[in-house]
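Here is how the chains run, residue by residue.
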Amino acid sequence: MGDLTYRINLILVVFFVFSITILLSPENAYAIDITISDQSSCESIRGTWSSPTCTLATTLNLVGVDNLIIPRGVTLLITNSGNITIPGAVIINGQLENNGMFTSPGNGDVINSGIIINTNSGTINIENSLANIGGTITNSGTINIIAGSIDNTAAAGSTITNSGTINNSGGIDNAGTINNNSGGIINNRLGGLIDNSGTINNSGTINSLCEATYSGNPPIQNPINNLPCDNDADGIFNQVDIEPDIFSNDFSDLSLGGTTTGTIIIRGEQTLTITQDSDRVRINAATSGRTISASVSVCGGTILLFTAGDEIIVKCGSVIVEVIAGQVEAVLDANTGSTTTATLSAGDSLTFEPLTFTLQSNSGTPSVVLVAPDSTVATFDLPTGNSVTVDPVTSALTAAETNPDTVIVFIGEEQHSLPSGSTVFADTTPPSITFSGSINDEDNFYFGDVPASLACSAFDDISGVSGTCTVTGYSTEVGTHTLTATATDNAGNVGTSTITYHVLAWTISGFYPPVDMGNVLNTVKNGRTVPMKFEVFKGTTELTDITIATLSLTQVTCSTEMLIGNIEITSTGDTSLRYDTSSGQFIYNWKTPDTANVCYDVVLTTSDTSTITAHFELT
Ligand SMILES: [Ca+2]
Ligand SMILES: [Ca+2]
Ligand SMILES: [Ca+2]
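1. Points about the overall build of the protein chain
Consideration 1: Scanning the protein chain from N- to C-terminus turns up 3 helices and 63 strands.
Consideration 2: Since a compact globule built from 619 residues should have a radius of gyration of about 25 Å, the 52 Å found for the protein chain marks it as more spread out than a globular shape.
Consideration 3: Counting only C-alpha atoms and orienting by the principal axes, one finds that the protein chain spans roughly 165 × 50 × 45 Å.
Consideration 4: A total of 619 residues make up the protein chain; the buried ones form 47% of that total.
Consideration 5: Here the contacts in the protein chain between residues at least 6 apart in sequence split such that 42% fall between residues at least 24 apart.
Consideration 6: One finds the centroid of the 15 positive side-chain charges in the protein chain at a distance of 9 Å from the centroid of its 59 negative side-chain charges.

2. Some points on the packing of aromatic side chains
Pairs of aromatic rings are described using the distance from one ring centre to the other and the angle between the two planes.
Consideration 1: Overall, the coordinates contain 7 aromatic pairs when judged by the stated rule.
Consideration 2: Aromatic side chains phenylalanine 445 and tyrosine 501 sit 6.1 Å apart centroid to centroid with 70° between the ring planes, which places their arrangement in the edge-to-face category. Remark: tyrosine 501 occurs in strand E53 (residues 494–504) and phenylalanine 445 occurs in strand E49 (residues 443–446); sequence separation between them is 56 residues.
Consideration 3: Plain terms: the ring middles of tryptophan 590 and tyrosine 600 are 6.2 Å apart, the flat faces sit at 80° to each other, and that makes the pair edge-to-face. With tryptophan 590 in strand E61 (residues 585–591) and tyrosine 600 in strand E62 (residues 598–606), the pair connects residues that are 10 residues apart, well separated along the chain.
Consideration 4: Residue classification places tryptophan 590 among the buried residues on the basis of a relative accessible area of 3%.
Consideration 5: What makes tyrosine 600 buried here is its relative accessible area of 9%.
Consideration 6: Following the ring pairs from residue to residue traces out a cluster consisting of Phe511, Phe534, Tyr579 and Phe586.

3. Focus: the pattern of salt bridges
Consideration 1: Evaluated as defined, the whole model comprises 9 salt bridges.
Consideration 2: Close ionic contact of glutamate 269 with arginine 290 constitutes a salt bridge, the shortest N to O distance being 3.6 Å. In this pair, glutamate 269 sits in the loop between strand E30 (261–266) and strand E31 (272–277) while arginine 290 sits in the loop between strand E32 (280–285) and strand E33 (294–298), placing the two residues 21 residues apart along the sequence.
Consideration 3: Take arginine 290: its relative accessible area is 59%, and that puts it in the exposed class.
Consideration 4: Among the charged side chains, a salt-bridge network with shared partners connects Asp279, Arg280, Lys315 and Glu322.

4. Considerations on the coordination of the calcium ion (ligand 2)
Angles at a metal have ideal values that depend on geometry: 109.5 degrees with four tetrahedral donors, 90 or 180 degrees with six octahedral donors.
Consideration 1: Surrounding the calcium ion (ligand 2) are the protein donor atoms Asp232 (OD), Asp234 (OD), Asp241 (OD), Asp241 (OD), Glu243 (O), Ile246 (O) and Ser248 (OG), at 2.2 to 2.6 Å.
Consideration 2: Sequence spacing of the donor residues for the calcium ion (ligand 2), all on one chain, is D-x1-D-x6-D-x1-E-x2-I-x1-S.
Consideration 3: Between the calcium ion (ligand 2) and the calcium ion (ligand 1) the interatomic distance comes to 3.8 Å, and aspartate 232 is a ligand of both metals. Serine 248 matches aspartate 241 in its accessibility class, with the two residues each being buried.

5. As for the coordination of the calcium ion (ligand 1)
Consideration 1: Here the calcium ion (ligand 1) is held by the protein donor atoms Asp230 (OD), Asp232 (OD), Asp234 (OD), Ile236 (O) and Asp241 (OD), which lie 2.2 Å from it.
Consideration 2: Along the chain, the residues that donate to the calcium ion (ligand 1) are spaced as D-x1-D-x1-D-x1-I-x4-D.

6. Here we look at the layout of surface pockets
Consideration 1: A volume near 240 Å³ is recorded for the largest pocket.
Consideration 2: Surrounding the largest pocket, 15 residues form its lining, Leu227, Thr273, Thr275, Arg282 and Glu311 being those nearest its centre.
Consideration 3: Secondary-structure elements contributing two or more residues to the lining of the largest pocket are E31 and E32.
Consideration 4: By residue number, the principal contributor to the lining of the largest pocket is E31, which donates 4 residues.
Consideration 5: In terms of residue class, the lining of the largest pocket is made up of 6 nonpolar, 6 polar and 3 charged.
Consideration 6: Two domains share the lining of the largest pocket, each providing at least three of its residues, namely domain 1 (2–227) and domain 2 (238–423).

7. Notes on the pairing of E33
Within a regular strand, the side chains alternate between the two sheet faces.
Consideration 1: The element E33 is extensively covered by neighbouring structure, given that 5 of its 5 residues are classed as buried.
Consideration 2: The alternating pattern of E33 places Ala294, Val296 and Val298 and Ser295 and Ser297 on opposite faces, both of which are buried.
Consideration 3: Of the strand pairs in this sheet, E30 and E33 are connected by 4 bridges, and their pairing is antiparallel. By the bridge assignment for E33, isoleucine 266 is matched with serine 295.
Consideration 4: Bridge count between E33 and strand E34 (residues 302–306): 5 bridges; the pairing is antiparallel. Along E34, the bridge assignment pairs serine 297 with isoleucine 303.
Consideration 5: As consecutive antiparallel partners, E33 and E34 are separated by 3 residues, and within that stretch cysteine 299 has a phi angle of approximately 60°, a positive value.

8. Observations concerning the side chain of asparagine 118
Consideration 1: Position of asparagine 118 among the secondary structure elements: in strand E12 (residues 115–118).
Consideration 2: Ignoring any residue separated from it by four or fewer positions in sequence, one finds asparagine 118 in contact with Asn98, Thr123, Ile124, Thr138, Asn139, Ser140, Gly141, Thr142 and Ile143.

9. Section: the state of the cysteines
Consideration 1: For the structure shown, the criterion picks out 4 disulfides.
Consideration 2: The disulfide bridge from cysteine 299 ends at cysteine 316, spanning 2.0 Å between sulfur atoms. An S-S torsion of about -80° defines the bridge between cysteine 299 and cysteine 316 as left-handed. Of this pair, cysteine 299 sits in the loop between E33 and E34 while cysteine 316 sits in the loop between strand E35 (311–315) and strand E36 (319–325), and the two are 17 residues apart along the sequence.
Consideration 3: Each disulfide pairs two cysteine sulfurs, and for cysteine 558 the partner residue is cysteine 599, the sulfurs being separated by 1.8 Å. Its torsion about the S-S bond being 110°, the disulfide of cysteine 558 and cysteine 599 is classed as right-handed. You can see cysteine 558 sitting in the loop between strand E58 (549–556) and strand E59 (563–566) and its partner cysteine 599 sitting in strand E62, a full 41 residues away along the chain.
Consideration 4: The exposure class assigned to cysteine 558 is partly exposed, which follows from its relative accessible area of 32%.

10. Considerations on the sheet that holds strand E26 (residues 213–216)
Consideration 1: Sheet architecture is open: 9 strands sit in the order E1-E5-E8-E11-E14-E17-E20-E23-E26, paired in parallel fashion. Each edge of the open sheet is held by one strand with a lone partner, namely strand E1 (33–35) and E26. Neighbour to neighbour, the strand axes of the sheet diverge by 10° on average, direction disregarded.

11. A look at the domain arrangement of the protein chain
Consideration 1: Looking at the assigned domains, one finds that the protein chain contains domain 1 (2–227), domain 2 (238–423), domain 3 (432–504) and domain 4 (507–618).
Consideration 2: Here the C-alpha centroids of domain 3 and domain 4 sit 42 Å apart.
Consideration 3: Of the residues lining the interface, 4 residues belong to domain 3; the matching set on domain 4 comes to 4 residues.
Consideration 4: Summing both partners gives a buried area of about 400 Å² for domain 3 against domain 4, and 66% of it is carried by carbon and sulfur.

The rules behind the values
- Residues numbered from 1 in each chain as written.
- Chains lettered and ligands numbered in written order.
- Predicted model: local features only at pLDDT ≥ 70, side-chain atom pairs only at ≥ 80, totals over all residues.
- Heavy atoms only, no water.
- Helix = DSSP H or I, 4+ residues; strand = E, 2+ residues; numbered from the N terminus.
- Rg over C-alpha atoms; globule rule 2.2 N^0.38 Å.
- Buried < 20%, exposed > 50% of the residue type's maximum accessible area, 1.4 Å probe, protein only.
- Contact = heavy atoms within 4.5 Å.
- Lys, Arg positive; Asp, Glu negative; His and termini not counted.
- Charge placed at Lys NZ, Arg CZ, Asp CG, Glu CD.
- Phe/Tyr/Trp six-rings, centres within 6.5 Å; stacked < 30°, edge-to-face > 60°.
- Salt bridge = Lys/Arg side-chain N within 4 Å of Asp/Glu carboxyl O.
- Donors = N, O, S within 2.8 Å, 3.2 Å for Na, K, Ca; no water.
- 1 Å grid on protein atoms, 1.4 Å probe; cavity = no way out; pocket = protein on both sides within 12 Å on 5 of 7 lines; lining within 4 Å.
- Points joined across faces, edges and corners; volume = space filled by probe spheres on them.
- Nonpolar A, V, L, I, M, F, W, Y, C, P; charged D, E, K, R; others polar.
- Domains from an automatic or database assignment.
- Pairing = 2+ DSSP bridges.
- Disulfide = S-S within 2.5 Å.
- Axes fitted to C-alpha atoms, helices over the stretch in contact; angles between N-to-C directions.
- Buried area = accessible area lost by both parts, 1.4 Å probe.

In structure tokens form, the structure reads like this:
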């Protein structure tokens, strides 16, 4: 107050210097003090008088006026088109209501023992001193303390109530009461000082920004929100900036006892602010950011994408991402070829366990997209309180045993229910199959030379093979065969592979003479022995083992359609089969039955089921 008295005296001393300005100004008729008390005094500042209110609707710069006095019972109303700049003092015993702009620059004091109401459209700029001496100041708009200070004195009743914003780059010296209501913000900025020897009731927010000072009694209820400096202006505040004096991209709160690290990968068109927030790290993209998103890697692999206005809190270990504002995409990279993307909106929060990524929805309903290595896309919304573990290697999605809800998962277009404890795989690719063994596709084998059946092995690089690979279709018989190998993956996809091969018959030559072949009826005296001579070839190899040949005798009806041929030479002895090495052929001595006038077919069948038949009539 001594300072104020001194200043008023100083202004009186220098009045004659200012008088030149007054004489040249439109307001040159004003006295040094103006007390607003009636129509003429109100009109002298271009106001409109309606007792007891003087309304100021125009811009007014009261150059040269020392004291503008609002006496008790009078209201000076600055409407939202008003703009008043007072270089001298304003002494308020009545009421000042500001809806526009009120600036007290340089050497002007405001002394309030009455009421100041700054509405939500009002701005008050303090460039010198605002002394509240037993008065009340109610702010719903903005008060900028640019260079001076607000002195809320110890005089009884001195009260400042803030529901708007007070930006302090000067001083707030409180010996009275400040009520910072819920929603009210007091920003103590660079160079700002708050000294509280009185009471500050803080239901709102008091931010103490970089290199501001708060001293005296701590506020009641909400504590001071201390925000540190960013020396190198890289958006990473000193406390978490690994290189606080070099524009850089890495941040860490390990030195503060936290667990969170990260790197700005791409800044895009965003202005990022990265600060410590208790045991977590807060990342904010300013609302003024344009469209190109910023990407930030946190916790060694999770990538978060930010656009303008996004804000999250993240904690590594079990990675917790909590979205405060906007919509943030989190990309979880397991370096396996799969990616999991979670879209988190304001209110959503997720906990990621690394390696297998347990996505725990703590609030909200975040959307999760898993793209498996085979490009299979799985999507689901994770209701609050539910948890799904994503194994990026197998693309398995497993609902926690404790989930209260059934999570609905779409794999491609197909809908799956995922009740608690169950697993579904984002895998639509069947296993690949490899045959092993000695049969190749379209191979030819002679009967008796067919290798053992093939084995198979299956490989599935996503969900893995369930059970074993099996082969069916194997046969050594003459004909064409197809081997089919079958394997199933854990997602139920069935893979098959086939190989076709051919089993070739042997070649029988014979029966040689004296037996006639073709449609010939051999006639022979009954009881005689007929030598049935033949050779058997597997390809070009002659077979000599008598066990490969079986001869059978069938009595048939004699057919008149057959040609008649005589057996000229017969041998004696019993029926027998041998391979005659001297003549190089099988010989089957067939002792014919002792019955005349009957017909027989003699059929030679080899092991490969090849046959030849000769027709006989016994005479
Ligand atoms: Ca920094
Ligand atoms: Ca830095
Ligand atoms: Ca598969």
